[in-house]
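Coordinate analysis (summary)
Now for the letters of each chain:
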Amino acid sequence: MEYAYVFESERLGFRRWQASDREPFAAMNANPDVMEFFPNTLNRAESDALVDRIEAHFEEIGYGLWAVERKEDGAFIGFIGLLDVNFDISVKGATEIGWRLDQQFWKRGYAIEGAKACLDYAFQELGKTEIYSFTAALNLPSITVMERSGMEKISEFDHPRVAEGSPLKRHVLYKKDLTR
């Protein structure tokens, strides 16, 4: 391994992004199944711009959406990480956890394992006391990850960046609170 993980779980390593991640990430973002609960897929330029924004967040805040790889073979599986909420919802300014995994790595427990490790890192290393997560109310797989990671549903809202009339407009908001 030519780089160090920022942190790891039993099967996953969390690290900053590498140039070699961009191609598989773009393929993920172009996959309609992976992007089912997002307003649209991303082309290569949009995907690369997202990686650039992720890296800028790391530089500015010190954490972000980590590139995640499977430790057994170094396969890039997607991202799991933390972002500060920067749009107008009730938890603006708070920290959220999110994930996006390549379809070939679904249904193996990686998202739940990774979310738990990321939450532990947020609480133990970053000193966070609460973390939020949200997704389209239709996104049952991500809701399952939230619940199995110990998060609790606290509300629902209409996402201000999703078009009116879209079935993805309604979102659920979950929270994990270290003080409880």
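Report on the accompanying structure.

Procedures and definitions
Residues numbered from 1 in each chain as written. Predicted model: local features only at pLDDT ≥ 70, side-chain atom pairs only at ≥ 80, totals over all residues. Heavy atoms only, no water. Salt bridge = Lys/Arg side-chain N within 4 Å of Asp/Glu carboxyl O. Helix = DSSP H or I, 4+ residues; strand = E, 2+ residues; numbered from the N terminus. Buried < 20%, exposed > 50% of the residue type's maximum accessible area, 1.4 Å probe, protein only. Pairing = 2+ DSSP bridges. Arc of directions from axis to C-beta. Contact = heavy atoms within 4.5 Å. Polar contact = N/O pair within 3.5 Å; in protein donor to acceptor, adjacent residues only side chain to side chain. Phe/Tyr/Trp six-rings, centres within 6.5 Å; stacked < 30°, edge-to-face > 60°.

The subject of this paragraph is the pattern of salt bridges. All chains considered together, the criterion is met by 16 salt bridges. Taking the shortest distance from any N to any O, the salt bridge between Arg 11 and Glu 113 comes out at 2.6 Å. With a gap of 102 residues between them, Arg 11 in the loop between β1 (7-8) and β2 (12-15) and Glu 113 in helix α3 (residues 110-124) connect regions that are remote in the sequence. On the basis of relative accessible area, Arg 11 is assigned to the partly exposed category, the value being 30%.

Residues in a regular strand project their side chains so that they alternate between the two faces of the sheet. Most of strand β5 (residues 95-101) sits inside the fold, with seven of its seven residues counted as buried. Here strand β4 (residues 75-84) runs beside β5; their pairing, made up of seven bridges, is antiparallel. Looking at the pairing, Asp 84 lines up with Thr 95 of β5.

Turning next to the environment of Glu 55. Along the chain, Glu 55 turns up in helix α2 (residues 44-61). Separated by 122 residues in sequence, Glu 55 and Asp 177 have C-alpha atoms that sit 27 Å apart.

The next subject is helix α4 (residues 140-148). Buried within α4 are the following residues: Ser 142, Ile 143, Val 145 and Met 146. Here the buried residues of α4 occupy an arc of 155° about the axis, which is enough to place them on one side. Exposed residues pointing more than 90 degrees away from the buried face of α4 are listed as Leu 140, Pro 141 and Arg 148. Against the buried residues of α4 lie β5, α3, β6 (130-136) and β8 (170-177). Its side-chain oxygen placed 3.1 Å from the backbone nitrogen of Ser 142, Asn 139 serves as the N-cap of α4. Immediately downstream of α4, the backbone of Gly 150 shows phi near 90°, a positive value.

Let's shift gears to the packing of aromatic side chains. This model, assessed by the stated rule, comprises 11 aromatic pairs. Pairing Phe 7 with Trp 66 gives two aromatic rings, centres 4.9 Å apart and planes at 85°, and the pair type is edge-to-face. Note that Phe 7 is positioned in strand β1 and Trp 66 in strand β3 (residues 65-70), a separation of 59 residues in sequence. Since its relative accessible area comes to 1%, Trp 66 is described here as buried. Where Phe 134 meets Phe 157, the ring centres are 5.8 Å apart and the plane angle is 75°; that geometry is what we call edge-to-face. With Phe 134 in strand β6 and Phe 157 in strand β7 (residues 152-158), this pair connects stretches of sequence that are 23 residues apart. On the accessibility criterion, Phe 134 (14% relative accessible area) is buried. Taking the relative accessible area as the measure of exposure, Phe 157 reaches 12% and is therefore buried. Taken together, the ring pairs connect Phe 7, Phe 14, Phe 58, Trp 66 and Tyr 121 into an aromatic cluster.

Spatial relationships are all this shows, so hold off on functional conclusions.
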